[in-house]
Amino acid sequence: AKIFQQIASLFQQVYEANTAAMEKLQSETEGDDRALEALYTSDRWRQKEFISSLARYRASKTRYYWALVLEKGDEERTRLLREAILGFSPYTMAYQGPDLLSYCRLGRALCYRELGNYEKAMEELEEVSKGQVPPTILIQVRTERIGIHLHFQRYRQALEEANQFLAELEKEGTQASLADRI
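Residues numbered from 1 in each chain as written. Predicted model: local features only at pLDDT ≥ 70, side-chain atom pairs only at ≥ 80, totals over all residues. Heavy atoms only, no water.

1. Quick look at the overall build of the chain
Each helix and strand counted, the chain has nine helices and zero strands in total. Residues classed as buried in the chain amount to 40% of the 182 residues present. Sequence separation of 24 or more characterises 53% of the internal contacts of the chain that already satisfy a separation of 6 or more. As presented, the chain carries roughly 11100 Å² of accessible surface, and 51% of it is formed by carbon and sulfur atoms. (Helix = DSSP H or I, 4+ residues; strand = E, 2+ residues; numbered from the N terminus. Buried < 20%, exposed > 50% of the residue type's maximum accessible area, 1.4 Å probe, protein only. Contact = heavy atoms within 4.5 Å. Areas by Shrake-Rupley, 256 points an atom, 1.4 Å probe, with all protein chains shown as cover.)

Given below as structure tokens:
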């Protein structure tokens, strides 16, 4: 568990350092709207947004895996999962890349599932399913949804989900890109 703590701390430090640097850059514009607009469109700003968001995501992912090695019912496990849910929040990510947002929602779903909140897990998985979903994420989303249906012995929904998944895999180009990732 010590290694997870060190890794999460490292990513948290990267996140905080980048956030502080972004705040400093904002303060240097002294509230000038044109300067702020130029800052927000600059490569330097975008790079800091990306690094900050990725570090936050990685810290949350580390907390999730750290929680998995702890016993169910352990207070620290619950705390870590709740912290991971907050860190995975797509609304607080500075960088709004679609893949990162999908992975964040998937992370939240996995945390909710581990906390036994299957309804919230399904809601997050449904959000991930909207729009263009990369095959690697689609596989995880569909697998999780099928697993939740099976957990509640909703066999018809599990079969429908599996059939929908197979139909999505048959779409043009999906099989080729899926084959590349397996």
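Moving on from the coordinates now.
2. A few points about a negative patch on the surface
Together, Glu 30, Asp 32, Asp 33 and Glu 37 line one region of the surface with negative charge. One can find Glu 30 in the loop between helix H1 (2-28) and helix H2 (33-40). (Patch = residues over 30% accessible without salt bridge, like charges linked within 9 Å, V, L, I, M, F, W, Y side chains within 5 Å. Salt bridge = Lys/Arg side-chain N within 4 Å of Asp/Glu carboxyl O. Lys, Arg positive; Asp, Glu negative; His and termini not counted. Charge placed at Lys NZ, Arg CZ, Asp CG, Glu CD.)

3. Comments concerning unusual backbone geometry
If you check the backbone angles, Glu 30 has positive phi at about 55 degrees while not being a glycine. Its identity as a non-glycine residue notwithstanding, Gln 153 has a phi of 60 degrees, on the positive side.

4. A word on the pattern of salt bridges
Per the stated rule, a full pass over the model turns up 15 salt bridges. Between Glu 161 and Arg 142 there is a salt bridge, with its nearest N and O atoms 2.6 Å apart. Here Glu 161, found in helix H8 (residues 155-170), pairs with Arg 142, found in helix H7 (residues 135-151); they are 19 residues apart in sequence, far enough to count as distant. Assigned by exposure class, Glu 161 and Arg 142 land together as buried. A salt bridge links Glu 161 to Arg 145; the nearest nitrogen and oxygen atoms lie 2.8 Å apart.

5. Describing the packing of helix H6 (residues 118-129) against H7
Axis separation between H6 and H7 bottoms out at 10 Å; the angle between their running directions is 150 degrees. With respect to their mutual orientation, H6 and H7 come out roughly antiparallel. Of the two elements, H6 crosses H7, and the hand of that crossing is left-handed. Within the contact between the two elements, H6 uses Tyr 118, Ala 121, Met 122, Leu 125, Glu 126, Val 128 and Ser 129 and H7 uses Ile 137, Val 141, Arg 142, Glu 144, Arg 145, Ile 148, His 149 and His 151. The class makeup of the residues in the contact of H6 with H7 is eight nonpolar, three polar and four charged. (Axes fitted to C-alpha atoms, helices over the stretch in contact; angles between N-to-C directions. Parallel < 35°, antiparallel > 145°, perpendicular 65-115°, else oblique. Left-handed = near helix turned anticlockwise from the far one by under 90°. Nonpolar A, V, L, I, M, F, W, Y, C, P; charged D, E, K, R; others polar.)

6. Let's talk about the packing of aromatic side chains
If you walk through the whole model with that rule in mind, you get five aromatic pairs. Judged by centre distance (5.2 Å) and plane angle (90 degrees), the ring pair of Tyr 118 and Phe 152 falls under edge-to-face. Of this pair, Tyr 118 sits in helix H6 while Phe 152 sits in the loop between H7 and H8, placing them 34 residues apart in sequence. Here the aromatic cluster, defined as three or more aromatic residues joined through ring pairs, consists of Tyr 57, Phe 88 and Tyr 103. (Phe/Tyr/Trp six-rings, centres within 6.5 Å; stacked < 30°, edge-to-face > 60°.)

7. Examining the confidence of the model for the chain
Here the chain averages 89 in pLDDT, while 94% of its residues score no lower than 70. No element of the chain has a lower mean pLDDT than helix H9 (residues 174-181), which averages 51, and none a higher one than helix H4 (residues 75-87), which averages 96. (pLDDT = per-residue confidence, 0-100.)

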